[in-house]
Amino acid sequence: MKDNRSGILVFVERPPFSESSESLVEETIEIARSAGRSIALVVPCRVRTPFPRYYLSKGKVEEIRELVAAHAPDFVLINVEITPSQQRNLEEVWGIPVCTKQAVIHEIFAQRARTAQGKIKVELARLRYELSRLTGKGTELSRTGGGIGTRGPGEQKIEVERRKIKDRIAFLTRELRRTEQQTFTQKSLRRKLGALQVAIVGYTNAGKSTLMNALTGSRVYAEARMFATLDPTSRRLFVPGIGDVILIDTVGFIREMPETLKDAFRSTLEEVKEADVILEVIDVADPDYVNHFRVVSETLREIGAENLPKILVLNKVDLLEELPLLEYDMRTAHPYVFVSAKKKIGLDRLLEAIAQALQPKVAEVHLEVAPEQLPLVRQRLSFRGYIRHFEPLENGRIALDCVVQREFLARLHTLVVSR
């Protein structure tokens, strides 16, 4: 989306104050850019205790009013959550729309959703966010009131608005259950196939979809903007020494993700729990990549996936002059590989790391089968292993050198013996 709205970012810091907030400022500017907004001016502000009327001090509100008059921006973006009444008060003083970072993240999700299920989830998140802020708009929705002891029209309007939102939420929840049935069918098919699953996770804009495209040769939508991919995508990937696996791309993580969006996409994120190994993609060209790693680790803990085998995929090394020295907890807790998904650097080493992580789940098997059995064995091994080598024998049979999932070994032997 082309940027066509320019605004002022009021970046609020809360205790404990830090001298290095540049990365958070840059991230907020990138959030705005991803929603089609540009930031022309950043106004830093420290708030120990929020003020009831404006959240900000009167002096800071007046300072920003003068900046608005001088620069004529289209909006003011504030990086913290303020109440609806505080937002309305600021809009009255400054004379332009005021939006919060969480509201802008909702905007991004609304722009990025492509599938029916994704659009429903995004709208549900937006409606729940609006419902949580509706109470604070009481004054705005009750400008006229009734007589003593009567119910004013303003109160009636708020109740009507609340009922409309709740009715819409109920309708969308039913629609979501219907569309999720298709996803459930796809998951059931993957389980039936017995496919090993590799989930790609990471901070937003770390290069997850680009990595999937590089590994599988697919054309999953990838763009250098936040939350370019919302809907989980799966592709087949052949891993030498393992066989075909299912590679799953997931929605990106971010600091201070709105709870409404977390709830809406929780089922999507929880697909990660079914993975046999996780690829955590980290943009090591980003100066704040260590904090990104910790945000992702915390999110994996929240969904109960913190103990799954994990490989750190340290992406975008083509943008660095030298490789970074990783933090102790990064380089000791998990295997890691430096790659450039865009330039396709280090992918062979990554496939070797995936194979090593999945090695306990497979075994090497040597079989002899009749020639007519070969097509059936090859078919049954789909997503459960593969025939690495075969050789005709003097007795007319065929010797097979196979890699097979351990869970399928007994069934494979039964198949061969019973034919």
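The paragraphs below set out a description of the structure included in this document.

How each quantity is defined
- Residues numbered from 1 in each chain as written.
- Predicted model: local features only at pLDDT ≥ 70, side-chain atom pairs only at ≥ 80, totals over all residues.
- Heavy atoms only, no water.
- Helix = DSSP H or I, 4+ residues; strand = E, 2+ residues; numbered from the N terminus.
- Buried < 20%, exposed > 50% of the residue type's maximum accessible area, 1.4 Å probe, protein only.
- Contact = heavy atoms within 4.5 Å.
- Axes fitted to C-alpha atoms, helices over the stretch in contact; angles between N-to-C directions.
- Parallel < 35°, antiparallel > 145°, perpendicular 65-115°, else oblique.
- Left-handed = near helix turned anticlockwise from the far one by under 90°.
- Nonpolar A, V, L, I, M, F, W, Y, C, P; charged D, E, K, R; others polar.
- Pairing = 2+ DSSP bridges.
- Lys, Arg positive; Asp, Glu negative; His and termini not counted.
- Salt bridge = Lys/Arg side-chain N within 4 Å of Asp/Glu carboxyl O.
- Core = buried A, V, L, I, M, F, W, Y, C linked by side-chain atoms within 4.5 Å.

A few words on the overall build of the chain. Summing up its helical and strand segments, the chain has 14 helices and 13 strands in all. Expressed as a percentage of its 419 residues, the buried residues of the chain come to 50%. Contacts in the chain between residues at least 24 apart in sequence constitute 71% of all its contacts with a sequence separation of at least 6.

Let's shift gears to the packing of helix 4 (residues 101–112) against helix 5 (residues 116–134). Packing of helix 4 against helix 5 leaves a shortest axis separation of 9 Å and a crossing angle of 160°. As the angle between them shows, helix 4 and helix 5 are arranged roughly antiparallel. With respect to the hand of their crossing, helix 4 and helix 5 are arranged in left-handed fashion. From helix 4, Gln102, Ala103, His106, Phe109 and Ala110 reach across to helix 5, where they touch Val122, Ala125, Arg126 and Tyr129. Classifying every residue of the contact of helix 4 with helix 5 gives six nonpolar, two polar and one charged.

In spatial order, the strands read 6-7-5-8-9-10; together these six strands make up an open sheet with mixed pairing. What marks the edges here is a single partner per strand, and that holds for strand 6 (233–239) and strand 10 (336–338). Taken pair by pair, the neighbouring strands of this sheet meet at an average axis angle of 25°, ignoring direction. Alignment of strand 9 (residues 310–315) against strand 10, held across three bridges, turns out to be parallel. Paired with Leu312 across the two strands is Tyr336, which belongs to strand 10.

Within the fold, Ile165 resides in helix 6 (residues 153–193). Overall, Ile165 belongs to the buried group, its relative accessible area being 5%. Taking the C-alpha atoms as reference points, Ile165 and Leu134, 31 residues apart in sequence, are found 10.0 Å from one another. In contact with Ile165, other than residues within four places in its own chain, are Leu127, Glu130, Leu131 and Leu134.

In this structure, Val313 sits in strand 9. Once you skip the residues sitting within four places of it in the chain, Val313 turns out to touch Leu211, Leu279, Glu280, Val281, Ile282, Val337, Val339 and Leu350.

Structurally, the position occupied by Lys208 is in helix 7 (residues 208–216). Buried charge Lys208 goes without a salt bridge, the closest partner of opposite sign being Asp249 at 5.4 Å. Apart from residues lying up to four places away in sequence, Lys208 is in contact with Ile200, Val201, Gly202, Tyr203, Asp249, Thr250, Val251, Gly252 and Val281.

What follows concerns the pairing of strand 5 (residues 196–202). Along strand 5, seven of the seven residues are buried, which leaves the element largely enclosed by surrounding structure. Side-chain alternation along strand 5 places Leu196, Val198, Ile200 and Gly202 on one buried face and Gln197, Ala199 and Val201 on a second face that is also buried. Pairing analysis gives five bridges linking strand 5 to strand 7 (residues 243–249), with the strands arranged parallel. Across the sheet, Val198 pairs through a bridge with Leu247, a residue of strand 7. Of the strand pairs in this sheet, strand 5 and strand 8 (residues 277–283) are connected by five bridges, and their pairing is parallel. Pairing of Ala199 across the sheet is with Ile278, part of strand 8.

Okay, the nonpolar core next. Within the largest apolar cluster, 36 residues are counted, with the highest numbers of intra-cluster contacts made by Leu77, Phe109, Leu261, Val272 and Leu300. Of all the secondary structure elements, the ones that give two or more residues to this core are strand 1 (5–13), helix 1 (22–34), strand 3 (75–78), helix 4, helix 5, strand 5, helix 8 (259–264) and helix 10 (289–302). In contact with Val272, other than residues within four places in its own chain, are Ala199, Val201, Thr250, Ile278, Leu300, Ile303, Ala305 and Leu308. Judged by nonpolar contacts, the second largest core, of 31 residues, contains Leu211, Leu279, Leu347 and Leu350.

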